[in-house]
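Letter by letter, the chains look like this.
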Amino acid sequence: SGQINPESGKVENSNGSYQKRFRDLEGLYEDADAFQQMLPEWSDQVVYEVQDHRASEQPGDLIYGTTVMKPGCVGLEFFMTRGHQHQKAECAETYFGLTGEGVLLMESPEGDIEVKEIKEEIMVYVPPYWIHRSVNTGKNPFIFLFNYPADSGQDYGIIERNKGMRKRIISEGKEGWTMIVNEQYGEVE
């Protein structure tokens, strides 16, 4: 067992971690010009960090951990994770809000879209086969706990190949967010 600090997202017995810096997220946002304008100041800043505990990679075992994501926008689009589908696509996942607020943008293989709000003490279930990405829609760090099968793996390429997901989450002003169509989705270069 391991303690998780809801204010910092620190996983006491973490044995894995990675960071995504702003520069690593090039191509993720629709407004490429806004990204380039932010790059000099933001390049080395960590947008999100993941810590996890992996007991083993054996089928039947679980991985759990936290994601800590800074607040911010590129143009109108909120900071987000790269998003993924599991390599073993039949594997599900759960997200549990610890601090801050955001949404989980989910897309089924058939193109159905669901957006689930995540806040403190809210659990969201990601069904098998669904692509998913988390988005910080608040003004504070967004910290959540995740849990998924140890042998599921992540496929990030599915989103890159399609130029993102079918929808984007953007700021609607003071407190709100809205979902818009990703105009670049499925474009072939």
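Computed from a predicted structure; not experimentally measured.

Digging into the packing of aromatic side chains
Inspection of the entire model under this criterion finds eight aromatic pairs. Each ring, one from phenylalanine 22 and one from tryptophan 42, has its centre 5.9 Å from the other, and the planes form 45°; the classification is tilted. Of this pair, phenylalanine 22 sits in the loop between β1 (16–21) and α1 (32–42) while tryptophan 42 sits in helix α1, placing them 20 residues apart in sequence. The exposure class of phenylalanine 22 is buried, given its relative accessible area of 0%. Arranged with centres 5.2 Å apart and planes meeting at 85°, the rings of tryptophan 42 and phenylalanine 79 form a pair that is edge-to-face. Of this pair, tryptophan 42 sits in helix α1 while phenylalanine 79 sits in the loop between β5 (77–78) and β6 (93–99), and the two are 37 residues apart along the sequence. Note on accessibility: tryptophan 42 and phenylalanine 79 belong to one class, buried. When the ring centre of tyrosine 156 is taken as reference, the NZ or CZ atom of arginine 82 above it lies at 3.8 Å.

Structural notes on the sheet that holds strand β9 (residues 123–126)
Reading across the sheet, the six strands line up as β1-β2-β3-β11-β6-β9 and stay open at both edges, with antiparallel pairing between neighbours. Here the strands that pair on one side only, and so sit at the sheet edges, are β1 and β9. Neighbour to neighbour, the strand axes of the sheet diverge by 20° on average, direction disregarded. Two elements, β1 and strand β2 (residues 46–54), share six bridges in a ladder whose sense is antiparallel. Bridging across to β2, arginine 21 finds its partner in valine 46.

As for the sheet that holds strand β10 (residues 131–136)
Strand order in the open sheet formed by three strands is β8-β7-β10, with antiparallel pairing between adjacent strands. The open sheet has two free edges, formed respectively by β8 (113–118) and β10, since each of these has just one partner strand. On average, adjacent strands in this sheet sit at an angle of 20° to one another, irrespective of strand direction. Pairing geometry for strand β7 (residues 102–107) and β10, over six bridges, is antiparallel. Along β10, the bridge assignment pairs leucine 105 with arginine 133.

Looking at the pairing of β8
Pairing between β7 and β8: six bridges, direction antiparallel. From the neighbouring strand, valine 103 faces β8, where its bridge partner is glutamate 117.

Cut-off values and rules
- Residues numbered from 1 in each chain as written.
- Predicted model: local features only at pLDDT ≥ 70, side-chain atom pairs only at ≥ 80, totals over all residues.
- Heavy atoms only, no water.
- Phe/Tyr/Trp six-rings, centres within 6.5 Å; stacked < 30°, edge-to-face > 60°.
- Helix = DSSP H or I, 4+ residues; strand = E, 2+ residues; numbered from the N terminus.
- Buried < 20%, exposed > 50% of the residue type's maximum accessible area, 1.4 Å probe, protein only.
- Lys NZ or Arg CZ within 6 Å of the ring centre and 35° of its normal.
- Pairing = 2+ DSSP bridges.
- Axes fitted to C-alpha atoms, helices over the stretch in contact; angles between N-to-C directions.

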